[in-house]
Amino acid sequence: MAFPKQVKKILDLVPDKILSERRKELSEYITKDGTYLPKSVLHADLDRGMLDFVKNELKIVSEGKIVPMVDIILTTQNWSQFTETWNFVDTDFNAQPPFITVVRQPEVKYGTNPSLQYTIPNRKQFYFAVVPTWNGNQKGADVYTIPQPVPVDINYNVKIVCNRMRELNQFNKTVLQKFSSRQAYTFIKGQYVPIVSTNISDESVMDIDKRKYYIQNYDFTMLGYLIDEEEFEVRPAISRALQMFEVETTTRKQKRKKYPENPDLFNLNISFTTNNLTYSHVMEYMVNMTLELKNNVTSYDVYINGDNYGQMDPIPINTNDQLDIIITQTNPGDSSLLFTCKLL
């Protein structure tokens, strides 16, 4: 009993990913072999993608069997030779009708893909990714850059060879349904590449002296692009070096220098100039000042809180006393008095 049309024959147990999850899935598919760069997409890859598209998306079933496809790309010259000889070598196990084959036009023109057409000149490199690096000593990053892909248009002729009209009708229905929006997509190394249907023609042989068979030709143009891994560049970015050194964790107590914490004696050196022959200071301690050395000084007068004590030596001073010293120079220039102060 056949299933009703509204019943799905195949149920998806895992829902398809969409939006950002789908983009992440495609990114993981591209880099699943361990590289952070996209895979190369060259002419052979585009041909393989076209064969897989015809094999998987345009397959038809005749009498319970899938119509076979010649799983190689034929050129126009090979196809002309094939059509002239295939019906005479059936005993050599060549393909029997019906079958599907793909013929590629040898010329490959500059592409018309609008997303890649005439945008960036001179094959400029563009940022693709920043990849962290670590070699055991240095931590850094590499900058991956790639040029803009080169668009190409490749023309394919998908031909179905059969003896009955029902295979033609079934294949025609499959193609028209697939290209109802004029274009379809094939998946090549993580890249979606558009295919456009351009024309349908008939090449059937109706000569009464030859074997009768139908050949229907479908013209497709693949709006592909070329990505060559030889043009990829990897440049070092910022690098950081990790330096490690060992230190001794045990601490040793340093010997303390022996000098008095609060010395009783200290020196007071008072300097004078020709323009400044007076020294004034409010003493912070109770001291006895003893003169030790005079330099370019003939005489001096000591004033304590305004009282003149002449050349008193030693000079007893209490805390917060105002000390004023006025000198007479021997010669103009710099002069100094050196006192030894003893704390009381």
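On a predicted model such as this, the values are computed, not experimentally measured, just so you know.

### A few points about the overall build of the protein
Within the protein, the regular secondary structure consists of 4 helices and 20 strands. Taken over 344 residues, the protein has a buried fraction of 34%. The contacts of the protein with a sequence gap of at least 6 include a subset with a gap of at least 24, amounting to 74%. By element, 52% of the accessible surface of the protein is carried by carbon and sulfur atoms, the whole surface being about 23400 Å².

### Some thoughts on the layout of surface pockets
The space that makes up the largest pocket amounts to roughly 180 Å³. Residues that form the lining of the largest pocket fall into these classes: 2 nonpolar, 3 polar and 3 charged.

### Concerning the packing of aromatic side chains
Tallying each qualifying case throughout the model produces 4 aromatic pairs. Through pairs of rings, three or more aromatic residues link up here, namely F53, F179 and F220.

### Side note on the nonpolar core
With 37 residues, the main nonpolar core has L46, M50, V54, V158, F171 and F220 as its most contacted residues. At the level of elements, α2 (43-57), β4 (99-104), β7 (138-147), β8 (150-162), α4 (165-178), β9 (183-188), β10 (191-202) and β11 (214-226) are the ones that each hand at least two residues to this core. Among the elements that line this core, the one with the most residues is β8, at 6 residues. Setting aside its immediate chain neighbours within four residues, F171 contacts L58, I60, I100, V158, I160 and Y218. Grouped together as the second largest cluster of nonpolar side chains are 18 residues, Y279, M289, F339 and C341 included.

### Here's the deal with α4
Between its first and last C-alpha, α4 extends 20 Å over 14 residues, near the 20 Å set by a 1.5 Å rise per residue. Listed in full, the buried residues belonging to α4 are E167, L168, F171, T174 and V175. Axial view of α4: buried residues confined to an arc of 135°, hence all on one face. Those residues of α4 that are exposed and aimed more than 90 degrees away from the buried face are R166 and Q177. Lining the buried residues of α4 we find α2, β1 (61-62), β4, β8 and β11.

### Some remarks on the sheet that holds strand β16 (residues 297-304)
Pairing is antiparallel in the open sheet, where 4 strands are placed in the order β14-β19-β16-β17. Single-partner strands in this sheet number two, and they are β14 (278-282) and β17 (307-310). Neighbour-to-neighbour, the strand axes of this sheet turn through a mean angle of 25°, independent of strand direction. Strand direction decides the pairing type here: β16 and β17, joined by 3 bridges, are antiparallel. When the sheet's bridge partners are listed, V302 is paired in β17 with G310.

### A closer look at the pairing of β10
For β9 and β10, the ladder comprises 6 bridges, and the chain directions are antiparallel. Note on β10: the bridge partner recorded for A184 is I195.

### Quick notes on unusual backbone geometry
In this structure, E63 is a non-glycine residue whose phi angle is positive, near 55°. For E63, the position within the fold is in the loop between β1 and β2 (65-66). Residues other than glycine seldom take positive phi values, yet N320 does so here, at roughly 70°. Mapped onto the fold, N320 is located in the loop between β18 (315-317) and β19 (322-329).

### Some details on the side chain of T174
Secondary-structure assignment places T174 in helix α4. Exposure remark for T174: the relative accessible area of 15% places this residue in the buried category. Those residues in contact with T174 that sit more than four places away from it in its chain are E57, L58, K59 and I60.

Cut-offs applied
- Residues numbered from 1 in each chain as written.
- Predicted model: local features only at pLDDT ≥ 70, side-chain atom pairs only at ≥ 80, totals over all residues.
- Heavy atoms only, no water.
- Helix = DSSP H or I, 4+ residues; strand = E, 2+ residues; numbered from the N terminus.
- Buried < 20%, exposed > 50% of the residue type's maximum accessible area, 1.4 Å probe, protein only.
- Contact = heavy atoms within 4.5 Å.
- Areas by Shrake-Rupley, 256 points an atom, 1.4 Å probe, with all protein chains shown as cover.
- 1 Å grid on protein atoms, 1.4 Å probe; cavity = no way out; pocket = protein on both sides within 12 Å on 5 of 7 lines; lining within 4 Å.
- Points joined across faces, edges and corners; volume = space filled by probe spheres on them.
- Nonpolar A, V, L, I, M, F, W, Y, C, P; charged D, E, K, R; others polar.
- Phe/Tyr/Trp six-rings, centres within 6.5 Å; stacked < 30°, edge-to-face > 60°.
- Core = buried A, V, L, I, M, F, W, Y, C linked by side-chain atoms within 4.5 Å.
- Expected span 1.5 Å × (residues − 1).
- Arc of directions from axis to C-beta.
- Pairing = 2+ DSSP bridges.
- Axes fitted to C-alpha atoms, helices over the stretch in contact; angles between N-to-C directions.

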